[in-house]
Amino acid sequence: MAAHVLLIEDEPNIAEAIRFLLSREGLRVSHSAEGAAALVLMRQDRPDLVILDHMLPGMSGLEVLTALRADPSSRGLPVMMLTARGRDREMAERAGADRFMTKPFSNAEMVAEVRSMLERGRDRQ
């Protein structure tokens, strides 16, 4: 069964590019453009990895990450934070992000990080 990635990204072009890239790699990708909706989606269909934009409408990526880390059922879920601002890295790491990727990123870099995170996630189980 294909690994499931939940992409939480409000920019349609970036979301579509990541979805296409990861789907082409054989991964199942769900998408949400809002943090609160993503938390609901996550309870319905648990992902193996979350790719989370830092700046989202309504609930920020850091708020979503804090909610994930506070919930015992998602505390260990691998999370990659995305942002256009490199200075947000420290805040994301303190909040519990496993990886941090600054936009723009290369396709190869995205695929390599996702594969690496999924492998580590399988090793922890």
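Preceding this section is the structure that the text describes.
The residue numbers shown here count from 1 along each chain, following its written sequence. Local features in this predicted model are restricted to residues whose pLDDT is 70 or higher, and side-chain atom pairs enter the listing and the counts only when it is 80 or higher, whereas totals over whole chains, interfaces and linings include all residues. Excluded from the side-chain calculation are hydrogens and water; included are all heavy atoms of the structure.

**Student:** Explanation requested: the environment of Leu 41 in the structure shown.
**Tutor:** Each helix is a run of DSSP H or I of at least 4 residues and each strand a run of E of at least 2, with the numbering of both proceeding from the N terminus. Here Leu 41 shows up in helix 2 (residues 35-44). Remark: the alpha-carbon pair of Leu 41 and Leu 6, spanning 35 residues in sequence, is separated by 8.7 Å. Contacts are residue-level and defined by heavy atoms, with any inter-residue pair within 4.5 Å sufficient. Discounting residues that sit within four places of it in the chain, Leu 41 has contacts with Leu 6, Ser 30, His 31 and Ser 32.

**Student:** Hey, could you run me through the sheet that holds strand 1 (residues 4-8) in this one?
**Tutor:** Sheets are built from strands that pair by backbone hydrogen bonding, the pairs being arranged parallel or antiparallel. Strands sit in the order 2-1-3-4-5 across an open sheet of five strands; the sheet is parallel. The open sheet has two edge strands with one neighbour each: strand 2 (28-32) and strand 5 (99-102). Neighbour to neighbour, the strand axes of the sheet diverge by 20 degrees on average, direction disregarded. Two strands are counted as paired when DSSP detects at least two bridges linking them. In this sheet, strand 2 lies alongside strand 1 in parallel orientation, the contact comprising five bridges. Looking at strand 2, one finds that His 4 is bridged to Arg 28. Convention adopted: a line fitted to C-alpha atoms gives each axis, helices being fitted over their contacting stretch, and angles between N-to-C directions are expressed from 0 to 180 degrees. In the packing of helix 3 (residues 61-70) onto the sheet, contacts are made with strand 1, strand 3 (49-53) and strand 4 (79-83), and the angle to strand 4 comes to roughly 170 degrees.

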